[in-house]
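# Summary of structural features
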Amino acid sequence: MAYRYGSRKQMTLLPKSIEEYVSPDCPVRAYDAFVDALDFRDLGIVFNPGKVGNTEYHPQAMLKLLVYGYSYGVKSSRKLERETRNNLSFIWLMGGLTPDHKTIAEFRRKNKKALKRVLRQCARVCIKLDLIAGNVLFIDGTKIRANAARNATHDKAYYERQLAAIDERIEKLLDECEAIDQEEQHLGSYVSMDKELSKAERLRGTIASVLEEFKETDRTEVNQTDPDCAIMHSIQGSHASYNVQSVVDDQHGLIVHADAVSATSDYNQFSLQLEQAEQTVEKPCEVACADAGYADTDDLEKVDTQGIRVVVPSQRQALHEEEGPFSKSRFTYDRNTDCYLCPEGHCLRFSGIDRTNGKRHYLISDRKLCQQCQHYGQCTKAKRGRKIIRLHNEEIKEKLEAQYQEAASQAVYARRKTRAEHPFGHIKRNLKTDAFLLRGVEGVQAETSVLATCFNLSRMITIWGGVVAFIEKLGGLRLITAPG
């Protein structure tokens, strides 16, 4: 059998124009068409061809570079710089422009707010093209590592000790500089002292800003490298991370809204994320679904009172725990007398309210009734007798638990994994996102927006059956044409 060999010395000639570098169905053309369809004024980027000074790279081209780079897991400015010189699809996308890594990094740093708005425009494009209905929305969250080490997280006492030590060191350096100046002797290097003093002052500024974070929030620990991140637990262990939230539409599984927060759990996120998603679709949804991590009754009540069907299991329902003969549901609540009746007919009366969370406590009036009961030891082992805790909105909790059990709700919840968890799998695996590149919540939210947009674009290409159809669909939606 003959073998086919290549030769690096073989002379070839590239196509006459850059336009011919990629085929008509190359994915890069889809990303190019999408950025062309964006309204840059809405993003907060104003074109000014007559700007005085040295020429700069067009914002449209720079945004194309970032979005396309993230879609293939190329995120660092140095790698993006390399691609613009070696990768034909990047060369085509940039029209032969080759910005260096500092220019790319500076564009990303200066336009975090604009990058954060890209996903909103992408979602609205999908709405106009009937890809997002906004009727059934799924909320889910995942943990993604921050660009900070876990061991850089400390409590307030640690930073106060560090600040005192730095102040002492700065004072000592100033004394040494003054002594050398007075003696006018070349016993030390003013340059090295100046560098050390500058470094100490920068570190002092960093620690001072971290201490301000303690004053503004109720956090017990703050990361020195990225004060906005927090220690979060996931299947990979405990790391300095961000909690990435997404709201996905049921029709085609496209992301309507994505956010990155410092909250270590999904509690209190349901209503907040849903509200921001509804601002994008510009209408309230009919059904909102999430897993048991969002089962905070107070938060779910905010959505339920709007007439939206909430499909969220309680922790007990998610764990499929069977109710025992003496579980809380076996006790009957009498609204008129504000008391619970146990299975044996004894009354548990209201005994007080927990002021921290508003929960109402109910105890049996005579502890001997419990101790002499035939079920003592099964129902309770407490010497004080059985206690029942009731939420201030217990009726809402019971309503939502019953609503989750309905057939219509079960049908919606069965689709949750394929809708809500699919985007995170794509972002983490296909887009190679095991950690964020930028620091600070604003930068992380900008990256989250770009990553979610990349997922949507990939889905849109699949839904429409290819790049050519994708470009044709977007052709009539160009909101603003950038000047050449």
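Along each chain, residues carry numbers from 1 onward, in the same order as the chain's sequence is written. Residues qualify for local features only when their pLDDT is at least 70, as the model is predicted, and side-chain atom pairs are given and counted only at 80 or more; totals for whole chains, interfaces and linings, by contrast, use all residues. Excluded from the side-chain calculation are hydrogens and water; included are all heavy atoms of the structure.

What follows covers the overall build of the protein chain. A count of helices and strands for the protein chain gives 18 helices and 13 strands. Each residue is placed in one exposure class: buried if its accessible area under a 1.4 Å probe, protein chains only, is under 20% of its type's maximum, exposed if it is over 50%, and partly exposed if it falls in between. A burial count over the protein chain gives 45% of its 484 residues as buried. When checking whether two residues touch, look at their non-hydrogen atoms; a contact exists if any pair is within 4.5 Å. For the protein chain, the share of sequence-separated contacts (at least 6 apart) that also reach a separation of at least 24 residues comes to 67%. Under the convention used here, a 1.4 Å probe and the Shrake-Rupley method define accessible areas, while residue burial counts only the protein chains that appear. Total accessible area computed for the protein chain in this model is approximately 26,600 Å², and 48% of it derives from carbon and sulfur atoms. By definition, any uninterrupted DSSP run of H or I lasting at least four residues is a helix, any uninterrupted run of E lasting at least two residues is a strand, and each is numbered from the N terminus.

The strands that make up a sheet pair up through hydrogen bonds in the backbone, lying either parallel or antiparallel. Taken in spatial order, the five strands line up as β9-β10-β11-β12-β13 in an open sheet, and their pairing is antiparallel. Looking at strand neighbours, the two that pair on one side only are β9 (332-334) and β13 (387-390), the edges of this open sheet. Across this sheet, the average inter-strand angle for adjacent strands is 30 degrees, counted without regard to direction. Whether two strands pair comes down to DSSP finding at least two bridges between them. Here the axes come from fitting lines to C-alpha atoms, over the contacting stretch only for helices, and the angles between their N-to-C directions go from 0 to 180 degrees.

A separate point is the environment of Gln445. Examined against the element boundaries, Gln445 turns out to sit in helix α17 (residues 441-464). Filtering out sequence-adjacent residues up to four positions away, Gln445 remains in contact with Lys116, Asp259 and Ala260.

Moving on, we get to the packing of aromatic side chains. Side-chain rings of Phe, Tyr and Trp, where Trp is taken by its six-membered ring, are said to pair if the distance between their centres is within 6.5 Å; with planes under 30 degrees apart they count as stacked, over 60 as edge-to-face, and otherwise as tilted. Under the definition given, this model contains eleven aromatic pairs. Where Tyr333 meets Tyr340, the ring centres are 5.0 Å apart and the plane angle is 50 degrees; that geometry is what we call tilted. Ring centres 6.3 Å apart and planes at 80 degrees place the aromatic pair Tyr333 and Tyr362 in the edge-to-face group. Of this pair, Tyr333 sits in strand β9 while Tyr362 is found in strand β12 (residues 360-364), placing the two residues 29 residues apart along the sequence. In this structure Tyr333 comes out as partly exposed when scored by relative accessible area, which is 25%.

Bridge count for strand β11 (residues 347-353) against β12 is five bridges, and the pairing is antiparallel. Each bridged residue has a counterpart across the sheet, and for Ile353 the counterpart in β12 is Arg360. Hairpin connection from β11 to β12: six residues lie between these consecutive antiparallel strands, with Gly358 at a positive phi of about 75 degrees. Bridge analysis of β12 against β13 gives four bridges, and the strand direction is antiparallel. Among the inter-strand pairings, Leu363 is bridged to a residue of β13, identified as Lys387.

Time to look at helix α7 (residues 112-128). Any helix carries an expected span of 1.5 Å times its number of residues minus one. In this model α7 runs 26 Å from its N-terminal to its C-terminal C-alpha over 17 residues, within 8% of the 24 Å that 1.5 Å per residue would give. Within α7, burial applies to Lys112, Ala114, Leu115, Val118, Leu119, Gln121, Cys122, Ala123, Val125 and Cys126. Two residues or fewer after α7 comes Asp130, characterised by a positive phi angle close to 60 degrees.

Tracing the backbone shows Lys397 in helix α14 (residues 394-405). Between the C-alpha atoms of Lys397 and Asp298, which are 99 residues apart in sequence, the distance is 9.0 Å. Setting aside its immediate chain neighbours within four residues, Lys397 contacts Thr297 and Leu391.

Topologically, Asp296 is positioned in the loop between β7 (287-289) and α11 (297-304). Counted as positive: Lys and Arg. Counted as negative: Asp and Glu, with His and the chain ends omitted from the count. Salt bridges are defined by distance alone: a side-chain nitrogen of Lys or Arg within 4 Å of a carboxyl oxygen of Asp or Glu. Comment: no salt bridge for buried Asp296; closest opposite-charge side chain is Lys302, at 7.1 Å. Not counting residues up to four positions away in its chain, the partners in contact with Asp296 are Tyr267 and Asn268.

This part is about the confidence of the model for the protein chain. The score called pLDDT rates the predictor's confidence residue by residue, from a low of 0 to a high of 100. Averaged over the protein chain, the pLDDT score is 86; the fraction of residues at 70 or greater is 87%. In the model, residues 479-484 has pLDDT below 50 throughout and makes 15 contacts with residues more than four positions away in sequence or in other chains.

We now examine the pairing of strand β4 (residues 230-234). Pairing geometry for β4 and strand β5 (residues 237-249), over five bridges, is antiparallel. Bridging from a neighbouring strand, Ala230 pairs with Ser241 of β5. The antiparallel hairpin formed by β4 and β5 contains two residues in its connecting segment.

Turning to the nonpolar core, a few remarks are in order. Among the buried residues, those of types Ala, Val, Leu, Ile, Met, Phe, Trp, Tyr and Cys that are joined through side-chain atoms within 4.5 Å form a nonpolar core. Counting residues in hydrophobic clusters, the biggest one holds 84 residues, and the most contacted among them are Phe34, Leu63, Phe270, Leu274 and Phe470. The leading source of residues in this core is α17, at nine residues. Beyond its immediate stretch of four places on either side in the chain, Phe34 contacts Val118, Cys122, Thr453, Leu457, Phe470 and Leu474. Residues Phe331, Tyr362, Ile364 and Ile388 belong to the second largest nonpolar core, which totals ten residues.

The next point concerns the pattern of salt bridges. Oppositely charged side chains are able to pair whenever their charged atoms sit close together. Evaluation of the coordinates by the stated rule reveals 20 salt bridges. Arg85 is paired through a salt bridge with Glu81; the nearest N and O atoms lie 3.7 Å apart. Of this pair, Arg85 and Glu81 both sit in helix α4 (residues 77-86), four residues apart, which is roughly one turn of the helix. Taking relative accessible area as the criterion, Arg85 reaches 41% and is therefore assigned partly exposed. Ionic contacts of the salt-bridge type, sharing partners, join the residues Asp140, Asp291, Arg416 and Glu421 into one network.

Here Arg109 is to be found in helix α6 (residues 101-110). C-alpha separation for the pair Arg109 and Glu442, spaced 333 residues apart in sequence, amounts to 9.9 Å.

Where α17 meets helix α18 (residues 467-474), the closest approach of the two axes is 8 Å, and the angle between their N-to-C directions is 105 degrees. Considered as vectors, α17 and α18 are oriented roughly perpendicular to each other. Within the contact between the two elements, α17 uses Leu457, Met460, Ile461 and Trp464 and α18 uses Val467, Ala469, Phe470 and Lys473. Here the angle decides the label: under 35 degrees means roughly parallel, over 145 means roughly antiparallel, 65 to 115 means roughly perpendicular, and every other value means oblique.

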